[in-house]
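Inside the fold
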Amino acid sequence: LTLARIASAVADATAPTDGDSARTVLENLLADKRERLGPSAALYVESKLALLGLTLLQRSAPNVDGPKHLAFTKELLRKNEKILTEQAVGGAGGTGDAAASDGAVVHSAHYECAMVYRKAVCPPEAYYREAIQYLHYTPLDALPAEEQLALATDLSMAALTGDGVYNFGEVVQHPILQCLVGTPNAWLVELMEASAAGDVAAFKAVSTKHAAEVAAQPALTGRAQMVQEKITLLAMVHMIFERPSSERTLRFADIAQRIEMAEDQVELVIMRALSLGLIRGSMDQVDGTVEVTWVMPRVLDAAQLSDLAGRFGEWAVKVSQTKDYMSEQAFAA
């Protein structure tokens, strides 16, 4: 892997002035040294080569066939994803800290390539999944400041507009989001935090306050209706989560107040949440209530973890009291 990383560094240094030579460095390494490299290092070089092609494509380099390279990258990612999965299942790659570190480097290269590819071809939810994986294997301080800013911006946009992305805690709890603080895109931090909390009022306030910035983002304006639906659903999900499991029969009127919609629209919101698998339960249209038996798991912040710990404590006390009561009844009998 050391040889592969050296070659990649040389290619990266050469690419800004001579993209063809940079590609040749990696192509020759794969052609002449593949067996010496081994599967993991070869996968690393392949990922870096595909990423280099995507970078040159973004720069409109004359010697890069766009459709051909995108098709090549798609197939390469599919193949390498399968290899990484098989290695993980089989425990390939050795043991110990060094092996774990090498594995992270290989995974990071693969997911960086996948992330850039998905940014080029869409959809945003696919980019979001790859970017989250990339951050899992990549130390934030290893990225230049401008890359951190771009990644934080793109990831926030993908979370807000991606179809099926509802676990905003993955981004809000990651240090990457704080890279936006003090920048022109700092408003995205407020928008993401409001979304993660399911706070409709705060989301509307931020959107109004930064209306010009929001309007300048085609990703948000083009999927405005989806974003609004997502915030509405998250508001209801958080309302449910905040209640003890024994008190999860909610009135439509209370839901309407929380999501800031008319009460006659609540039934549609509940049906949408049920169809998406965000909650499980049943509605009673006559009584105007919904009984929720399950709510989607998600990343929790410190306050939510503290609240959950308190509920576990209350549950433990109830279990202990029930045990004592049953023991007393058995003794009395």
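This write-up is about the structure you can find in this document.

Before going further, it helps to spend a moment on the overall build of the chain. Each helix and strand counted, the chain has 15 helices and three strands in total. Accessible surface for the chain amounts to roughly 17,900 Å². Of this, 55% is attributable to carbon and sulfur atoms.

All told, the structure shown has one aromatic pair when counted by the stated rule. On the numbers, 5.9 Å between centres and 5° between planes, the contact of Tyr-111 with Tyr-137 is stacked. Of the two residues, Tyr-111 is situated in helix 4 (residues 96-121) and Tyr-137 in helix 5 (residues 124-137); the sequence distance between them amounts to 26 residues. Over the ring of Tyr-166 we find Lys-230, and its NZ or CZ is 5.6 Å from the ring centre. Arg-280 extends its terminal NZ or CZ atom over the ring of Trp-294, reaching a point 4.2 Å from the ring centre.

Time to look at the pattern of salt bridges. Where charged atoms of side chains with opposite charge meet at close range, the side chains can pair. Throughout the structure, instances matching the rule amount to 10 salt bridges. Lys-204 is paired through a salt bridge with Glu-260; the nearest N and O atoms lie 3.2 Å apart. Remark: Glu-260 occurs in the loop between helix 13 (252-259) and helix 14 (266-276) and Lys-204 occurs in helix 9 (residues 200-209); sequence separation between them is 56 residues. Looking at Lys-204, the relative accessible area reads 35%, which means it is partly exposed. By relative accessible area, which is 39% here, Glu-260 ends up partly exposed.

Pairing is antiparallel in the open sheet, where three strands are placed in the order 1-3-2. At either end of the open sheet lies a strand with only one pairing partner, and these are strand 1 (249-251) and strand 2 (279-284). With direction set aside, neighbouring strand axes in the sheet form an average angle of 30°. Relative to strand 3 (residues 289-295), strand 2 is paired through six bridges, and the arrangement is antiparallel. Bridge pairing in strand 3 places Gly-281 opposite Val-292. Helix 12 (residues 224-241) rests against strand 1, strand 2 and strand 3 of the sheet, and its axis sits at about 80° to strand 3. Running over the sheet, helix 14 touches strand 2 and strand 3 and is turned about 145° from strand 2.

Turning to the environment of Gly-162, a few remarks are in order. Locating Gly-162 in the fold gives a position in the loop between helix 6 (145-161) and helix 7 (169-172). A relative accessible area of 0% places Gly-162 in the buried class. Between the C-alpha atom of Gly-162 and that of Lys-230, which follows or precedes it by 68 residues, the distance is 9.7 Å. Apart from the residues lying within four places of it in its own chain, the contact partners of Gly-162 are Pro-124, Glu-125, Met-157, Arg-223, Met-226 and Lys-230.

We now examine the packing of helix 5 against helix 6. It is the contact of helix 5 with helix 6, at a shortest axis distance of 8 Å, that shows an interaxial angle of 135°. Comparing their axes, helix 6 and helix 5 come out oblique. Handedness of the helix 5/helix 6 crossing: left-handed. From helix 5, Pro-124, Tyr-127, Tyr-128, Ala-131, Ile-132, Tyr-134 and Leu-135 reach across to helix 6, where they touch Leu-151, Asp-154, Leu-155, Ala-158, Ala-159 and Thr-161. The residue makeup of the contact of helix 5 with helix 6, split by class, is 11 nonpolar, one polar and one charged.

Cut-offs and rules
Residues numbered from 1 in each chain as written. Predicted model: local features only at pLDDT ≥ 70, side-chain atom pairs only at ≥ 80, totals over all residues. Heavy atoms only, no water. Helix = DSSP H or I, 4+ residues; strand = E, 2+ residues; numbered from the N terminus. Areas by Shrake-Rupley, 256 points an atom, 1.4 Å probe, with all protein chains shown as cover. Phe/Tyr/Trp six-rings, centres within 6.5 Å; stacked < 30°, edge-to-face > 60°. Lys NZ or Arg CZ within 6 Å of the ring centre and 35° of its normal. Salt bridge = Lys/Arg side-chain N within 4 Å of Asp/Glu carboxyl O. Buried < 20%, exposed > 50% of the residue type's maximum accessible area, 1.4 Å probe, protein only. Pairing = 2+ DSSP bridges. Axes fitted to C-alpha atoms, helices over the stretch in contact; angles between N-to-C directions. Contact = heavy atoms within 4.5 Å. Parallel < 35°, antiparallel > 145°, perpendicular 65-115°, else oblique. Left-handed = near helix turned anticlockwise from the far one by under 90°. Nonpolar A, V, L, I, M, F, W, Y, C, P; charged D, E, K, R; others polar.

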